[in-house]
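Listed here are the chains, written in short residue letters.
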Amino acid sequence: MSSKAAVVSTQTPDWSERFGALAGEALHPLLKEYYEAGCIAPDTPISDVPMVAMDFETTGLNPDQHSIVSVGLVPFTLKGIQLGAGRHWVVRPRLPLHQTSIEIHGITHADIAKAPDLEDILDPMFEMLRGRIPVVHYRSIERGFLDVALRWRLGEGIEFPVLDTMAIEAHLHPNRRPTRWQQFRGQKPVSIRLADSRTRYGLPHYAAHNALIDAIATAELLQAQIYHHFGPEAPVQDLWL
Amino acid sequence: MQAELIDIRNHMANYPPFDEMPEELLDRVVGTIEVEYFRAGTRILEFGKANHWLYYIRSGAVEIYRRSGELYNRIGEGEMFGQFGLLMHQKVRFPAKALEDTLIYRFPEEIFRLLFENDDNFADFVEVEDNSRLRSALSRREKSNELMTSRVTRLITREPVSAPCTVRLQEAARIMTDQGVSALLLMEENKGHNDLKGIITDRDLRTRALSEALPSETPISDIMSEDLITIRDNAFIFEAMLTMLHNNVHHLPVMDKHEVRGVIALSDIVKYESQSSLYLVSNIYHQQDVRGLQKISRDVRDSFVRMVNEDANSHMIGSAMAGIGRSFTQRLLELGEEKLGPPPVPYCFMALGSMARDEQLVVTDQDNAMILDDSFNPKEHDEYFLALAKFVSDGLAECGYTYCTGDIMATNQKWRQPLNVWKGYFTDWIENPKAEALLNSNIFFDLDGIYGKTDFAEDLKTLVAEKASNSQRFLTMMARNSLNRTPPIGFFRSFVLEEDGQQRKSFNLKRRGTAPLSDLIRVHALACGSRAQNSFERLRAIGNTKLLLDDDLGNLRDALEFIAIVRIRHQAIAIEEGRDPDNNVRPEDLSPFERSHLKDAFQVVSNAQKFLRFRYNAGVGRNVQ
């Protein structure tokens, strides 16, 4: 099962070079500082990479129409996820809460009313992001929403590398949808959703859903994926996107 | 702790010792957790490496090993490991390996210390509850290991002191005094060789010479003990201990083939291991009345628990407990003879059942009988023997060996008979087998002479060994009876539970575990004409005849050891918790490791019963409903 596999496609930049360039271009001090902290060398073994699992709960899937409701971050390495260092923030969305997402997140209008704007938590957020590679499950959400949110608030967007546990699962299960014939033979589609992916690695079920627990769940999933498929020596450039 | 981590806190709050931990403290613990994933087969802790974490299994399963590489335990969700390293020098004592894909929560040493010092429940748990065995095994292992790994020669501190067996009483006593020894070996010249012929001890001088006021010129050969129990020089100390316990001797000549290399005394071993059951045994012989015996009988349970904590195996524990029971019986017989005078005709006091098999535990009743010399005349002699039997039986009851409910005791006239009557009993059981009768006399096929003319018991063993293997009908009946009790395992490897006295669902580890096993081993042993009584020794004898395959024998041995040791631990835990030990085990009292291995062991019993049914043609129904 330890087949080495590169998830990466050719368009992935060398993030360590890219950060050098972005540091020069960035105008807002927060982003400048972020890029200047640098990005780890591409050939660094994954076991030496400082990471931060990141999860956003949002009011929907489209960054241009929907908004971030909560943020969960937890710093970790392959050897350990520091639960105590994990942070969770509820933030006030710019757009009205969509009814269906309320049920999912358990965040109510009352919570939102008291919550700060995302802008107010950017300092502690970036404190945790600096020098660490973000790990997410389905990068379009975290990348897209953070980029749009910063454009609105700072006047410029953000680029950053991610390790995407869902992309890894997608890569490992290229033929997720069985053909009609396979369906007839009883083959079930492979789900690469966070909870279903975790089950494949014997990871426990979490009853609660909030951005911090999901970030932790994502960090655990990445550890499992590395130990099962890539090994601690795999260079980070094989996996980042 | 972030409120969003409540899921993690709630998981821990389901498992001891965190279930009783104050919320604020538990929150603090959760804030220090580091999570790490281990793929199945990965090493988590390696022996001797530094460790500064306590490990909690969030999901998956972990195997814990002994230093020797032997599997110690299997633990799962909600269980902890690594505490022994933390308690002792921060070095890994018990290596750990992920058995399944495992998610670990680990806590730093500082939080472990904080909990250990501030939460008594936690401290008790890591110290006592979870792993009293481990921990006490750790602190005591080396000591008990010495008994099990050191040779008897280590106890020999001087050349053997001997004299020709032609010396007189006074001369023998003078040699012993001059040399400062408590035992003198007596040699006989035989074709230029000096062969060991007998032994005389301090105790013999007191009981056989002084108390009888023998003249100093009495030949020592008149009072010396012959047919000596000896031990090989390559034997382990614990074997010497068991030999002494079994034979009630306090001195053992250590032999290198025919040469005596030295003598070891009970006191040598007691010095070596002052807590051992031997100490208790030697104490038994110092008691001057039933009250004294009754008083020290309270130590029997402590001695039992100590052996369990020292990681002794079931054979050692069973032998030691039987040895203690024997010693009580023997001392009571001595006291009885002091009170009633010497016996009018020779007799043998016989142990039956578990004591005879060397498989006694703490919850036990007395099963015994008397074989009298054939010159026995009921009118003249029986009053004496009844009084003696009653004295012993009452004394044993005082010491915690309850009366036999089936009345298999020497106080019952039927079981207090001359040798020829006994021979008649056994001949009848074997040659005219009747199921119902055999069910009740089963217990007589585990017999051992423990006092007096033990030759009588040996005669009976010989008779059984010779006749039983030739009576197919007898073996069939015995096999059928042994199938009456089946292991508590259902079709899908689930435990079959019964309600115990307190309406709790449990299974009886004796009735449905060790007893059916020793029953079926007995049948095979009888079939191959073995004289052995102990189940492990019987298995060895069966192995020599190829009646069973080596694999099957190995499985039976392992199953017996495992069921017995689980039963023993169950009783030891009850004693430590101040409850009355019993044989009823609830599945939830067992660790997942014990549960799974017990099922394997019961499966072995079940298969062995199927083979027994086939081998002895015992398939047609059951004898008794």
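Along each chain, the written sequence defines residue order, and numbers are assigned to residues from 1. To label them, take the chains in the order written and letter them from A, then take the ligands in the order written and number them from 1. Local features in a predicted model are, by the rule used here, given only for residues with pLDDT of at least 70; side-chain atom pairs are given and counted only at 80 or more, and totals for whole chains, interfaces and linings are based on all residues.

Caption draft 1: Region of the structure containing the overall build of chain B. Scanning chain B for helices and strands turns up 23 helices and 21 strands. For chain B, the proportion of contacts with a sequence separation of at least 24, taken over those separated by at least 6, is 70%. Only DSSP runs of H or I reaching four residues or more are called helices, and only runs of E reaching two or more are called strands; each is numbered from the N terminus. With C-beta atoms placed from the backbone, a contact is any residue pair whose C-beta atoms sit within 7 Å.

Caption draft 2: Structural detail: the confidence of the model for chain A. As a per-residue quantity, pLDDT reports the predictor's confidence and falls between 0 and 100. Considering every residue of chain A, the mean pLDDT works out to 86; 87% of them sit at 70 or more. Here residues 1-9 of chain A is modelled with pLDDT under 50, and outside its nearest four sequence neighbours on either side it reaches 18 contacts, counting other chains as well.

Caption draft 3: Representation of the sheet that holds strand 11 (residues 193-201) of chain B. All names here are of chain B. Read across the open sheet, the 3 strands follow the order 9-10-11; overall the sheet is mixed. On the outer flanks of this sheet lie strand 9 (162-164) and strand 11, each paired with one strand and no other. Ignoring which end each strand starts from, the neighbouring axes of this sheet average 35° apart. Criterion used throughout: strands pair if DSSP finds at least two bridges between them. Here strand 10 (residues 183-190) pairs with strand 11 via 8 bridges, running antiparallel. Considered in strand 11, the bridge of Glu189 is made with Asn194. Only the stretch in contact is used when fitting a helix axis, every axis being a line fitted to C-alpha atoms; angles between N-to-C directions are given from 0 to 180 degrees. Running at roughly 125° to strand 10, helix 7 (residues 169-179) makes contact with strand 9, strand 10 and strand 11 of the sheet.

Caption draft 4: Local environment of helix 2 (residues 23-31) of chain B. Every C-beta atom is placed from the backbone, and the number of other C-beta atoms within 10 Å of a residue's own sets its class: buried at 20 or more, exposed at 12 or fewer, partly exposed in between. For helix 2 of chain B, the set of buried residues is Leu26(B), Val29(B) and Val30(B). Buried positions in helix 2 of chain B, seen along its axis, are confined to an arc of 100° and lie on one side of it. Taking the helix axis as origin, the arc is that swept by the directions to the C-beta atoms.

Caption draft 5: Quick peek at the interface of chain B and chain A. The interface of chain B with chain A comprises 21 residues on the first partner and 25 residues on the second. Listed by contribution, the elements that provide at least two residues to the side of chain B that touches chain A are helix 1 (6-12), helix 2, strand 1 (34-38) and strand 3 (53-59) of chain B. It is strand 1 of chain B that contributes the most residues to the side of chain B that touches chain A, 4 residues altogether. Each residue receives one of three labels: charged for Asp, Glu, Lys and Arg, nonpolar for Ala, Val, Leu, Ile, Met, Phe, Trp, Tyr, Cys and Pro, and polar for the others, Gly being one of them. Partitioned by chemical class, the residues of the side of chain B that touches chain A number 8 nonpolar, 5 polar and 8 charged. The pairing of strand 3 (residues 80-82) of chain A with strand 1 of chain B spans 2 bridges and is classified as antiparallel. Bridge assignment links Gln82(A) to a residue of strand 1 of chain B, and that residue is Glu34(B).

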